[in-house]
Amino acid sequence: MALTGSQRRHRPSGHQGGQTYASLARLLLDRAQGLPDSTAYEFLHSDGTVDTISYGTLYERAAEVAAQVALGGDRPGPVLLLYPPGLGFVTALWGCLLAGAPAVPAYPPLPRPGDRGTIRFRHILADVRPSHVLVDPFIRDVLADIDAGPALPSLLCPDPGTAVGGEAGRPTAFGRGQTIAAPPRVLPGTDDVALVQYTSGSTSDPKGVVLRHSNLLHNMRAITEVFGLNEDTRAVSWLPPYHDMGLIGCILTPVLVGFPIRLMSPLDFLKSPLSWLRQISTLQVTAAGGPNFAYDLCVRRARNEDLQDLDLSSWKVAFNGAEPVQRRTMEEFARRFAPHGFRPSAFLPCYGLAEATLIATGHHWDPTEPDDTPAPGAAPRVSCGPAAGGTSVAVVDPADGRPLSDGEEGEIWLRGPSITDGYWNGTGASRTGSADRPGEAFGDRSGELFGDLDGLRHLRTGDLGYLRDGELFVTGRRKDVLVHRGVNHHAHDIESAAVRGNPHVRPTAAAFMVEDPEPVVVLAVERPPARAGTDEETARVLRTRVLEATGVRLDVVVLCAPRAIPKTTSGKVQRTLARDRFLAGELDGAVTIGAPTGLGGGSVEPNGSGLADGDRGSAAASASASASGPSVAEVAEPLSTLVAGVFAGVCEVPECGTDQRLADIGGDSIRAAEIAAIVERAMDLPVPIESVLATATPDALARHLLTHWAEQGVGTPSVLGRLEELSMTAPEGTTL
């Protein structure tokens, strides 16, 4: 069964003032000419300062970037963007779009051995083979310490305040009311490639989704229509700017509609989720959102906070996407923040993926609608709404491509102007564009990206779902379905039944099947080292919970060390990889029933992050700052004890030794952010999230912080005084 957005209901076109654009370059030029002094973007720094850029200044700076990128030819190759979140990234992005160079945003690598971001960066570099790399000055210095694998192309580090060579008469300052610089001689067209968007899946084999200007403009209009955006919209975003939701939804779409948006760092959000809500309150924001976990995190961190002045009554669109949307999450968030003006109807569940540019379906949530539960034992499903304008949604039998009836579960297929042509450097049977674009090599490496339905090519999303009354319900991934005794069970349902509300395990689990030689259902679940009960007792509880909730009998339960179950860079469990590692006996730290975990306290090896060496190299600064007071060792001991207590409280374990690794007690990036926030608030001194992530133990973090604070003029006497004051007053916030 298929449904198009136009069949569902009529929506306005979403064109700004009826204007249509051949490319994003034309769009920016129009904004710079028509609204030169209007604010385009703001960026909120960690210290509370705000940078602002107008459309006129944005165009001038982007034109300078374009001039550098275009040197040597009118059709530059792909350009890799390596920037932290901020206006530098935004300027570089628009510079590529003006120059007609495919922009390739990527997470900047970190100089840590084994860093997954660095490994991914190397694979992207090898896959896309950029002609240039636009890089922030700080990242440029970091690259010198990283083995990039393939030879890096030329690094461009434009100074945003200095004009570069190019068109004669280009102004060298960015004064208000100035005549804007002439556009590049040749602007990109509708069919030119604008972005290569690397998906958040496999670190070892990232796939670059090719998006043309036409794909982006169509999807941006669809977002505008579904969200009901207009010139009066006010928005704030903490989402990573490197792909889909943060990039297309929160950086490009506001320019199409013509409203300003305030951006902030994802790390600042993780450290203090309520700072996002306070921005919504202060700015009277009407549109903001993120993945389901963001709302869960806000509820968790709001437990003991004073939110008396928080006002969320202006919030009209709280979009929820990028991962399974949970009714429970929306209900708990709405209940917690109802006293502050939040309305449940503001929630807007939506569905999309990188291969469809971004959005495919979406609508506002009606909390009065009953749960839709397709089968006994299955988790309640939340509607992700009807198809966005111009998009066709079909649900088909993945085995034979047969369209299914209303309510029947199958693979979700999409068709429309937002759908990609394929992957950068893609090969295989579904290669596209070779006839009319012989120089391009886009396509489908596996030959499984596209399928034929009624003679028309559709995108095979790999997601499972069903349509009911024209609305899409997403149920899981095609490869994550376990057929148990003739009945389909979603791995997510089994995992959720095992871990939700279960104090004996961590919330990360992977369910899969193996042949032995009969089908065997396996559940791997992470368990904290500090725990009560035996392995057999824990396994028995897990089997009972899953059997009662889903009817599935677990044949094998594997208890794993924290972080042993593999995840993607965006935090999604990689069940296929977990299965492969299980079969190969390589599920690190895995414990079969009855076997000891082998984890616990004891000595800790050097973390290899480079920070420890840096700390030793800065010992002189630390000693100088402490020359007239207690030594670093004397202060490090009580500080590490405080930090260890915070580690234990955040990770919900009975205790944590000062030499125990954060990873060994289940610490992840979200918990690292929470640790940083609590220690920072307790000590009233800055605690970078990166420091928590890079140091291995409370003792290592304490010593690193003492060096970091000493370099800022805060010596050991001051730190010791703060610790003594804490021990006497025990202010709220030092414990959870």
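Just so it is clear, the structure is predicted and the values come from calculations on it, not from any experiment.

Parameters at a glance
Residues numbered from 1 in each chain as written. Predicted model: local features only at pLDDT ≥ 70, side-chain atom pairs only at ≥ 80, totals over all residues. Heavy atoms only, no water. Buried < 20%, exposed > 50% of the residue type's maximum accessible area, 1.4 Å probe, protein only. Helix = DSSP H or I, 4+ residues; strand = E, 2+ residues; numbered from the N terminus. Phe/Tyr/Trp six-rings, centres within 6.5 Å; stacked < 30°, edge-to-face > 60°. Pairing = 2+ DSSP bridges. Salt bridge = Lys/Arg side-chain N within 4 Å of Asp/Glu carboxyl O. pLDDT = per-residue confidence, 0-100. Contact = heavy atoms within 4.5 Å.

Draft legend 1. Expanded view of helix 11 (residues 292-301). In terms of burial, helix 11 is largely enclosed, as eight of its ten residues are buried. The set of residues buried in helix 11 consists of N292, A294, Y295, L297, C298, V299, R300 and R301.

Draft legend 2. Fine view of the packing of aromatic side chains. In this structure the tally under the stated criterion is 21 aromatic pairs. Judged by centre distance (3.9 Å) and plane angle (10°), the rings of W238 and F269 are stacked. Here W238, found in the loop between strand 10 (235-237) and helix 8 (244-257), pairs with F269, found in helix 9 (residues 266-271); they are 31 residues apart in sequence, far enough to count as distant. Here W238 matches F269 in class, with each residue buried.

Draft legend 3. Seen up close, the pairing of strand 17 (residues 410-415). Extensive coverage of strand 17 is indicated by the burial of five of its six residues. The pairing of strand 16 (residues 392-396) with strand 17 spans five bridges and is classified as antiparallel. Across the sheet, the residue bridging to S392 is R415, located in strand 17. Across four bridges, the pairing between strand 17 and strand 21 (residues 456-468) is antiparallel. Following the sheet pairing, E411 is matched in strand 21 by L464.

Draft legend 4. Spatial organisation of the environment of E548. Note that E548 resides in helix 14 (residues 535-550). When the C-alpha positions of E548 and A497 are compared, they lie 8.7 Å apart, and in sequence the two are 51 residues distant.

Draft legend 5. Local environment of the pattern of salt bridges. For the structure on display, the rule yields 17 salt bridges. The salt bridge partner of R402 is D397, with a shortest N-O separation of 3.3 Å. The partly exposed category is assigned to R402, whose relative accessible area is 40%. R457 is paired through a salt bridge with D421; the nearest N and O atoms lie 3.9 Å apart. Of the two residues, R457 sits in strand 21 while D421 sits in the loop between strand 17 and strand 18 (423-424), which places them 36 residues apart along the sequence. Each member of the salt-bridge network shares a partner with another, and the members are R212, D421 and R457.

Draft legend 6. Molecular detail of the confidence of the model for the protein. The share of residues in the protein with pLDDT of 70 or more is 78%, and the mean pLDDT across the chain is 80. Segment residues 3-15: pLDDT under 50, and 34 contacts once partners within four positions in sequence are set aside and those in other chains are kept. Of the regions scoring below 50 in pLDDT, residues 593-627 engages in 50 contacts with residues more than four places distant in sequence or in other chains.

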